[in-house]
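# Summary of structural features
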Amino acid sequence: QVQLVESGGGLVQAGGSLRLSCAASGRTFSNYAMGWFRQAPGKEREFAAAISGSGGVRRYADSVKGRFTISRDNAKNEVVLQMNSLKPEDTAVYYCVATGNIWATAADQYDYWGQGTQVTVSS
């Protein structure tokens, strides 16, 4: 199986930035589309960003577009979510995800999930 470990979460003030990192192991990393989901308190899990295996295609939720950037370094088995201009509504547990599918943005299409890392944005 693919093991995913997130890091980089924490507490930040509104307008600040955080860099989340996901380290992957267990399978050929470059064959997997990767992404980030988040779940805020009392809300359903939602898609945030995804990136194709090659890194050539990226997609973002409207709520984060223009503020978040997803990238990957297959040589390092790493996916990064750079989050800028953070808002209190970005507060959530962020999960790194991977899928053997060519492409996916729905949660139930992802086969592997990390433990999650907490992001808290204060006002």
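What comes next is a walk through the structure. None of these values were measured; they are calculated from a predicted model.

### With respect to the overall build of the protein chain
Of regular secondary structure, the protein chain possesses zero helices and eleven strands. The order of helices and strands in the protein chain, counted from the N terminus, is β-β-β-β-β-β-β-β-β-β-β. Taking 14 Å as the expected radius of gyration for a compact globule of 123 residues, we find that the protein chain reaches 13 Å, a close match to that expectation. In terms of its C-alpha atoms, the protein chain occupies a principal-axis envelope of roughly 40 × 25 × 25 Å. For the protein chain, the proportion of its 123 residues judged to be buried stands at 46%.

### Remarks on the environment of arginine 38
The residue arginine 38 is located in strand E4 (residues 33-39) in this model. Along the backbone, arginine 38 and threonine 91 are 53 residues apart, and their C-alpha atoms lie at a distance of 8.7 Å. Once residues lying within four places of it in the same chain are set aside, the contact partners of arginine 38 are Glu44, Arg45, Glu46, Ser63, Val64, Phe68, Glu89, Asp90, Ala92, Val93 and Tyr94. There is a polar contact of 2.8 Å between the side chain of arginine 38 and the side chain of aspartate 90. At a separation of 2.9 Å, a polar atom in the side chain of arginine 38 contacts the side chain of tyrosine 94.

### Overview of the state of the cysteines
Enumeration over the complete set of coordinates arrives at one disulfide. The residue that forms a disulfide with cysteine 22 is cysteine 96, at a sulfur-sulfur distance of 2.1 Å. Its torsion about the S-S bond being -80 degrees, the disulfide of cysteine 22 and cysteine 96 is classed as left-handed. Of this pair, cysteine 22 sits in strand E3 (residues 18-25) while cysteine 96 sits in strand E9 (residues 92-99); the two residues are 74 residues apart in sequence, bridging distant segments of the chain.

### With respect to the nonpolar core
Grouped together as the largest cluster of nonpolar side chains are 38 residues, with contacts concentrated most on Leu4, Met34, Trp36, Ile70, Leu81, Met83 and Tyr94. Counting residues per element, the ones that place at least two in this core are E3, E4, strand E5 (46-51), strand E7 (68-73), strand E8 (78-83), E9 and strand E11 (117-122).

### Considerations on the sheet that holds E8
In space, the four strands of this open sheet follow the order E1-E3-E8-E7, with antiparallel pairing throughout. Because the sheet does not close on itself, it has two edges, and the strands there are strand E1 (3-7) and E7. Averaged over all pairs of adjacent strands, the angle between their axes in this sheet comes to 15 degrees, without regard to strand direction. Judged from the six bridges that link them, E3 and E8 form a sheet pairing that is antiparallel.

Basis of the calculations
Residues numbered from 1 in each chain as written. Predicted model: local features only at pLDDT ≥ 70, side-chain atom pairs only at ≥ 80, totals over all residues. Heavy atoms only, no water. Helix = DSSP H or I, 4+ residues; strand = E, 2+ residues; numbered from the N terminus. Rg over C-alpha atoms; globule rule 2.2 N^0.38 Å. Buried < 20%, exposed > 50% of the residue type's maximum accessible area, 1.4 Å probe, protein only. Contact = heavy atoms within 4.5 Å. Polar contact = N/O pair within 3.5 Å; in protein donor to acceptor, adjacent residues only side chain to side chain. Disulfide = S-S within 2.5 Å. Core = buried A, V, L, I, M, F, W, Y, C linked by side-chain atoms within 4.5 Å. Pairing = 2+ DSSP bridges. Axes fitted to C-alpha atoms, helices over the stretch in contact; angles between N-to-C directions.

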